[in-house]
Amino acid sequence: MYENVSCSCCPGREEEGSAVFFSAWQTGSLFNGGYDGNIVFQNSESSKGFCFANGVLTVFAPGVYAVDYGVYVPAGTALDTTFYLKANGRFVPSATVRAEHGASTPSEVYSARAVIRVGCSPLSLALSSSETLNYSVSDASALASISVIRIGG
């Protein structure tokens, strides 16, 4: 489990039982922007406690979170990359997935899960690819998604 605990007392803790979640997804075209390789998501929804900009999600609410992501690669798309979940700019080893997808390979979803503890300091998360991504589908399929759900205090 990746931990970001920097103090023993966390001011502003939400009431027990409050749903704390974030979800983002990308349809139509998938690409990663900038030098950092972060995947771009154009759709998102969340409870309070999150800030999402330029492919980086900042988690402000302390707690233990399940972070899940999936990247859909359609048939006919050649791809040779590694997907990484980054926490405060560092790779989370348990959420690293190698994707070697040939043009003749059937469609496939590459996915991973990590459990992360957020302490009193905000934590930034990003889904990245080691290589350039740029592919599209003609329907409204979700090409990539990430969800963050608080599972404990």
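Refer to the structure printed above.
Residues numbered from 1 in each chain as written. Predicted model: local features only at pLDDT ≥ 70, side-chain atom pairs only at ≥ 80, totals over all residues. Heavy atoms only, no water.

J.: For the overall build of the chain, give the residues involved together with the corresponding values.
T.: A count of helices and strands for the chain gives 0 helices and 14 strands. Order of helices (α) and strands (β) in the chain, N terminus to C terminus: β-β-β-β-β-β-β-β-β-β-β-β-β-β. Per-residue burial over the chain gives 42% buried out of 153 residues. Residue pairs at least 24 apart in sequence account for 73% of intrachain contacts in the chain once pairs closer than 6 positions are excluded. (Helix = DSSP H or I, 4+ residues; strand = E, 2+ residues; numbered from the N terminus. Buried < 20%, exposed > 50% of the residue type's maximum accessible area, 1.4 Å probe, protein only. Contact = heavy atoms within 4.5 Å.)

J.: So what about the pairing of strand E10 (residues 90-101)? Which residues, and what values?
T.: With 8 bridges joining them, strand E9 (residues 79-87) and E10 adopt antiparallel strand pairing. Directly across from threonine 81, in E10, lies its bridge partner alanine 99. What sits between E9 and E10 in their antiparallel hairpin is a turn of 2 residues, with asparagine 88 showing a positive phi close to 50 degrees. (Pairing = 2+ DSSP bridges.)

J.: Which residues make up the nonpolar core, and what values do they have?
T.: Membership of the largest hydrophobic core comes to 38 residues, with the highest contact counts inside it found for Ile39, Tyr69, Val71, Phe83, Leu85, Leu125 and Ile146. When residues of this core are traced back to their parent elements, those giving at least two are strand E2 (21-27), strand E7 (56-59), strand E8 (63-73), E9, E10, strand E11 (108-118), strand E12 (123-129) and strand E14 (142-152). (Core = buried A, V, L, I, M, F, W, Y, C linked by side-chain atoms within 4.5 Å.)

J.: Run through the pattern of salt bridges, naming residues and quoting values.
T.: Applying the stated criterion across every chain yields a total of 2 salt bridges. Between arginine 113 and aspartate 68 there is a salt bridge; the shortest N-O distance is 2.6 Å. Note that arginine 113 is positioned in strand E11 and aspartate 68 in strand E8, a separation of 45 residues in sequence. A salt bridge links arginine 98 to aspartate 80, with the nearest nitrogen and oxygen atoms 2.3 Å apart. Remark: aspartate 80 occurs in strand E9 and arginine 98 occurs in strand E10; sequence separation between them is 18 residues. (Salt bridge = Lys/Arg side-chain N within 4 Å of Asp/Glu carboxyl O.)

J.: Provide a residue-level description of the side chain of glutamine 26, including the pertinent values.
T.: Within the secondary structure, glutamine 26 sits in strand E2. The exposure class of glutamine 26 is buried, given its relative accessible area of 2%. Polar contacts involving the side chain of glutamine 26 include one to the main-chain carbonyl oxygen of serine 29, which spans 3.0 Å. Reaching out from glutamine 26, the side chain makes a polar contact with the backbone nitrogen of glutamine 42 at a distance of 2.7 Å. Setting aside chain neighbours within four positions, we find glutamine 26 in contact with Val40, Phe41, Gln42, Asn43, Ser141, Ala142, Leu143 and Ala144. (Polar contact = N/O pair within 3.5 Å; in protein donor to acceptor, adjacent residues only side chain to side chain.)

J.: Now, about the side chain of threonine 81: what can you tell me, with residues and values included?
T.: Here threonine 81 shows up in strand E9. The class for threonine 81 is buried, based on a relative accessible area of 0%. In this structure the side chain of threonine 81 is engaged in a polar contact, spanning 2.6 Å, whose partner is the side chain of serine 129. Setting aside its immediate chain neighbours within four residues, threonine 81 contacts Val97, Arg98, Ala99, Ser129, Ser130, Glu131 and Leu133.

J.: So, the packing of aromatic side chains: which residues are in play, and what are the values?
T.: One pass over the structure, following the stated rule, counts 6 aromatic pairs. Here the aromatic rings of phenylalanine 41 and phenylalanine 52 are separated by 6.5 Å at their centres, their planes lie at 50 degrees, and the arrangement is tilted. A residue pair is termed long-range when its members are at least 10 positions apart, and phenylalanine 41 in the loop between strand E4 (38-39) and strand E5 (43-46) and phenylalanine 52 in strand E6 (residues 50-53) qualify at 11 residues. What makes phenylalanine 41 buried here is its relative accessible area of 10%. Judged by its relative accessible area of 26%, phenylalanine 52 is partly exposed. Ring centres of phenylalanine 83 and tyrosine 110 lie 6.5 Å apart, and the angle between their planes is 40 degrees; on these two criteria the pair is classed as tilted. Here the residue phenylalanine 83 occupies a position in strand E9, and tyrosine 110 occupies one in strand E11, the gap between them amounting to 27 residues. (Phe/Tyr/Trp six-rings, centres within 6.5 Å; stacked < 30°, edge-to-face > 60°.)

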